[in-house]
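So you can see what is in the structure, the chains are spelled out below.
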Amino acid sequence: MYREPHLQKKSDECAVIWYEWQHFQYEVKDEEKAKKIRKKWCNCVTEFGKMVSEEVKTNPRYNGIQK
């Protein structure tokens, strides 16, 4: 859980994509579809990482925390 709603929303979005990928990779066994979804998930978590990084840099709550 994240205190910041926008981070929680993005985390949840990435989780939904992950479960969709898992479904197509292991249950349906559609490798082409799974490959496309995995790429979508990779982009999502990259965006999420950038959002977290920006939050740590700009939110006063995180001032003084050792990096």
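Below or above, wherever it landed, is the structure these notes cover. (Residues numbered from 1 in each chain as written. Predicted model: local features only at pLDDT ≥ 70, side-chain atom pairs only at ≥ 80, totals over all residues. Heavy atoms only, no water.)

**Focus: the packing of aromatic side chains**
Here is the rule we go by: Here the aromatic set is Phe, Tyr and Trp, taking the six-membered ring for Trp, and pairing holds for ring centres within 6.5 Å; pairs whose planes are under 30 degrees apart are stacked, those over 60 apart are edge-to-face, and all others are tilted. Each helix is a run of DSSP H or I of at least 4 residues and each strand a run of E of at least 2, with the numbering of both proceeding from the N terminus. Exposure categories follow from relative accessible area, calculated using a 1.4 Å probe and restricted to protein chains: below 20% of the type maximum is buried, above 50% is exposed, and the middle band is partly exposed. Whether a charge lies above a ring is judged from NZ of Lys or CZ of Arg, which has to be within 6 Å of the ring centre and within 35 degrees of the ring normal.
Counted by the stated rule, this structure contains four aromatic pairs. Aromatic pair tyrosine 2 and phenylalanine 48: ring centres 5.4 Å apart, planes at 80 degrees, arrangement edge-to-face. With tyrosine 2 in the segment before helix 1 (5-27) and phenylalanine 48 in helix 2 (residues 31-58), this residue pair connects regions lying 46 residues apart in the sequence. The class of tyrosine 2 is partly exposed, set by a relative accessible area of 35%. A ring pair is formed by tryptophan 18 and tryptophan 41, whose centres lie 4.9 Å apart and whose planes are at 55 degrees; its orientation type is tilted. Placement of the pair is tryptophan 18 in helix 1 and tryptophan 41 in helix 2, with a sequence separation of 23 residues. Members of the aromatic cluster, connected to one another through ring pairs, are Trp18, Trp21, Tyr26 and Trp41. The ring of phenylalanine 24 is capped by lysine 33, whose NZ or CZ atom sits 5.3 Å from the centre of that ring.

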